[in-house]
Amino acid sequence: MHKVLLIISGGIAAYKSLELIRLLTARNVQVTAVLTEAAARFVTPLSVAALTGQRVHTELFNHEAEAQMGHIQLSRMADLLVVAPASADILAKAAHGLAGDLATTALLATDKPVLMAPAMNVRMWLHAATQANVATLLQRGVGMIGPDDGAMACGEFGPGRMAEPAAIAERVYAMLGAGAARSSAQTDAEPSEEAGVSQAGQRGAVAGVMRGRHALVGQNALVGRHALVTAGPTIEPIDPVRFISNRSSGKQGYAIAGALAALGARVTLVSGPTGLDVPAGVDRVSVQTAREMLDACERALPADVAVCVAAVADFRPAHAAELKLEKASAASLALVANPDILATLSAHAQRPALVIGFAAQTHEVETFAQAKRAKKRCDWIVANDVSGDVMGGDHNQVSIISDKGIECLARRTKAQVAAELAGRIASRLGPRE
Ligand SMILES: Cc1cc2nc3c(=O)[nH]c(=O)nc-3n(C[C@H](O)[C@H](O)[C@H](O)COP(=O)(O)O)c2cc1C
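1. Some remarks on a nonpolar patch on the surface
So, step 1. Taken together, the side chains of Phe 315, Leu 333 and Leu 335 make up a nonpolar region of the molecular surface, amounting to roughly 260 Å² of accessible area.
So, step 2. Looking at the element boundaries, Leu 333 is found in the loop between helix H14 (327-331) and strand S15 (335-337).
So, step 3. Classification of Leu 333 by relative accessible area gives partly exposed; the value is 34%.

In structure tokens:
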């Protein structure tokens, strides 16, 4: 049974944590709760105890519990710490390593992954102090979910509402699932080191979850950086009128190019044929074939990051006929393999510091994506399931696979995926000094 330590801090959204407990316990997750003093004014320890079926912890200086070093035990017994709602106050304390009560002491004493769901008035959220605290926590690998936009209890509108309990619960399951998969793969020979990697991995894997949406990275986060993005399909001529291609619309790659440019990067977008407009601030190099795309990419180097989103045709006709082929001869085509752009960039003498590939699959998406990351030697693979309406559509559901593990993001618009990815790239690279 997975164990979650749920820290409830003092915000108006504390009542929603009761629903979160209900959702988690319904999925067989054991929830132990810590309430801050302020939280206990919004929800009663009795309600929380009734829903968790566990004793509720509120005090640091509890003789009985501290006889066994209760604050350390609490953070050790859990697979994951969740702070929901996370008040501005607890974000600040956690960012600065304060440990003046049981909740903050548990946060400081833990080496387990931490997920926080901030909730506060929009101005408190947008205040530079809160943003700096969140950025610090993200940088340390603390996961963030939300806040959402919407009407607030205080009558204002904007980002600050706690993410919905169902969304938090989904993230928790994903994090617990990733941890479970990793720990079952551990060998007896190397338990402690693997455990460390696993925990760090989970922390890293959830970092920056909502960064793109609420622009926690500044507008200049990628100033001085050069980003190379490939997008769209390639088309491989059979003869002057026929070609081999695929259904890629280029929308995701174009959105990523635009999101990187919005963060101040110089962006070269190497694009196969699409009907899309060039995003603001992006230099587009239009190509047709895989070989032209590779050539354009190599000419664009050096780059700090390469994001290979293009759906490059794996094969091309061995010979593109100069004249239109007769039906009979067009019926059987000899194919040859196209160059592998992602693998080439990953192994290039001028390899970008960060190489990211996309893996479109219709089944066993993550298995294929993990294999692809190993084979292509890129840093991250963004896996997407294209069995539904992804090709040509405006939404995408992606998983990000890195050396830190796998993280599944909820379905969202391609623009949101792009902002998310750009935020992560900015966190990884930062502006050029
Ligand atoms: C009615 C009321 C509602 C509040 N709602 C929030 C809130 O949603 N988010 C927040 O960060 N602080 C909110 N606060 C302020 C916190 O309760 C206060 O900063 C407290 O010290 C937080 O303590 P804690 O972080 O230890 O729980 C609210 C205060 C009151 C009186």
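2. Let's talk about the pairing of strand S3 (residues 80-86)
So, step 1. For S3, the tally of buried residues reaches seven of seven residues, placing the bulk of the element in the interior.
So, step 2. With burial as the criterion, each face of S3 is covered, one bearing Leu 80, Val 82, Ala 84 and Ala 86 and the other bearing Leu 81, Val 83 and Pro 85.
So, step 3. Strand direction decides the pairing type here: S3 and strand S4 (residues 114-118), joined by four bridges, are parallel. By the bridge assignment for S4, Ala 86 is matched with Pro 118.

3. Re the packing of helix H12 (residues 251-262) against helix H17 (residues 414-429)
So, step 1. Contact geometry of H12 with H17 gives a least axis separation of 8 Å together with a crossing angle of 45°. With respect to H17, the axis of H12 lies oblique. The interaxial crossing formed by H12 with H17 has right-handed handedness. Residues Lys 251, Gln 252, Ala 255, Ile 256, Ala 259 and Leu 260 of H12 touch H17, and the partners they reach there are Lys 414, Ala 415, Val 417, Ala 418, Ala 419, Leu 421, Ala 422 and Ile 425.
So, step 2. Here the contact of H12 with H17 is built from residues that sort into eleven nonpolar, one polar and two charged.

4. Thoughts on the site of the ligand
So, step 1. Taken together, 14 residues sit near the ligand, with Gly 10, Thr 36, Ser 87, Ala 88 and Asp 89 positioned nearest.
So, step 2. At 2.6 Å, a side-chain N or O of Ser 87 approaches an oxygen atom of the ligand.
So, step 3. Within the backbone of Ala 88, a nitrogen or oxygen atom sits 2.7 Å from an oxygen atom of the ligand.
So, step 4. Surface burial for the ligand is 63%, taken as the share of its 640 Å² of free accessible area covered by protein chains.
So, step 5. The greatest single-element share of the shell around the ligand, amounting to three residues, is contributed by helix H6 (residues 88-96).

5. Observations concerning the state of the cysteines
So, step 1. Under the criterion given, the structure shown has zero disulfides.
So, step 2. As a non-bridged cysteine, Cys 308 has Cys 297 as the owner of its nearest cysteine sulfur, 6.1 Å distant.
So, step 3. Taking the relative accessible area as the measure of exposure, Cys 308 reaches 8% and is therefore buried.
So, step 4. Here Cys 378 is not disulfide-linked; the sulfur of Cys 308 is the nearest cysteine sulfur, at 8.1 Å.
So, step 5. You can call Cys 378 buried: its relative accessible area is 5%.

6. Observations concerning helix H1 (residues 14-26)
Spacing of three or four residues puts side chains on the same side of an α-helix, whose turn is 3.6 residues.
So, step 1. With 13 residues, H1 should reach 18 Å at 1.5 Å per residue; the first-to-last C-alpha distance of 19 Å fits that figure.
So, step 2. Ala 14, Lys 16, Ser 17, Leu 20, Ile 21 and Leu 24 are the residues of H1 that are buried. When H1 is viewed along its axis, its buried side chains cluster within an angular range of 160° and face the same direction. Opposite the packed face of H1, turned more than 90 degrees from it, sit the exposed residues Tyr 15 and Ala 26.
So, step 3. Asn 28 occupies a position one or two residues after H1 and carries a positive phi of about 70°.

7. Remarks on the environment of Leu 429
So, step 1. Inspection of the secondary structure puts Leu 429 in helix H17.
So, step 2. Beyond its immediate chain neighbours, meaning those up to four positions away, Leu 429 contacts Leu 222, Arg 225, Asp 304, Val 305, Ala 353 and Leu 354.

8. Observations concerning the nonpolar core
So, step 1. Formed by 34 residues in total, the largest nonpolar core has its most connected members in Val 229, Ile 256, Leu 260, Val 267, Val 307, Leu 421 and Ile 425.
So, step 2. Sorting the residues of this core by element identifies strand S8 (226-231), H12, strand S11 (266-271), strand S13 (305-308), strand S16 (354-361), strand S17 (380-385), strand S19 (398-402) and H17 as the ones contributing at least two each.
So, step 3. Considering every element that reaches this core, the biggest residue donor is H17, with seven residues.
So, step 4. If we ignore the near neighbours within four places in the chain, the residues touching Ile 256 are Val 229, Val 307, Val 309, Phe 358, Ala 418 and Leu 421.
So, step 5. Listed in part, the 31 residues of the second largest apolar core include Ala 13, Ala 84, Ile 145 and Tyr 173.

9. Quick word on the sheet that holds strand S5 (residues 143-144)
So, step 1. The strand order across the open sheet formed by five strands is S2-S1-S3-S4-S5, and the pairing between neighbours is parallel. With one partner strand each, in any of the chains shown, strand S2 (30-35) and S5 form the two edges of the open sheet.
So, step 2. Two elements, strand S1 (residues 3-8) and S2, share six bridges in a ladder whose sense is parallel. The residue of S2 that forms the bridge with Ile 8 is Leu 35.

Cut-off values and rules
- Residues numbered from 1 in each chain as written.
- Predicted model: local features only at pLDDT ≥ 70, side-chain atom pairs only at ≥ 80, totals over all residues.
- Heavy atoms only, no water.
- Patch = residues over 30% accessible without salt bridge, like charges linked within 9 Å, V, L, I, M, F, W, Y side chains within 5 Å.
- Areas by Shrake-Rupley, 256 points an atom, 1.4 Å probe, with all protein chains shown as cover.
- Salt bridge = Lys/Arg side-chain N within 4 Å of Asp/Glu carboxyl O.
- Helix = DSSP H or I, 4+ residues; strand = E, 2+ residues; numbered from the N terminus.
- Buried < 20%, exposed > 50% of the residue type's maximum accessible area, 1.4 Å probe, protein only.
- Pairing = 2+ DSSP bridges.
- Axes fitted to C-alpha atoms, helices over the stretch in contact; angles between N-to-C directions.
- Parallel < 35°, antiparallel > 145°, perpendicular 65-115°, else oblique.
- Left-handed = near helix turned anticlockwise from the far one by under 90°.
- Contact = heavy atoms within 4.5 Å.
- Nonpolar A, V, L, I, M, F, W, Y, C, P; charged D, E, K, R; others polar.
- Near = heavy atom within 4 Å.
- Polar contact = N/O pair within 3.5 Å; in protein donor to acceptor, adjacent residues only side chain to side chain.
- Disulfide = S-S within 2.5 Å.
- Expected span 1.5 Å × (residues − 1).
- Arc of directions from axis to C-beta.
- Core = buried A, V, L, I, M, F, W, Y, C linked by side-chain atoms within 4.5 Å.

In short, shape yes, function no, at least from these values alone.
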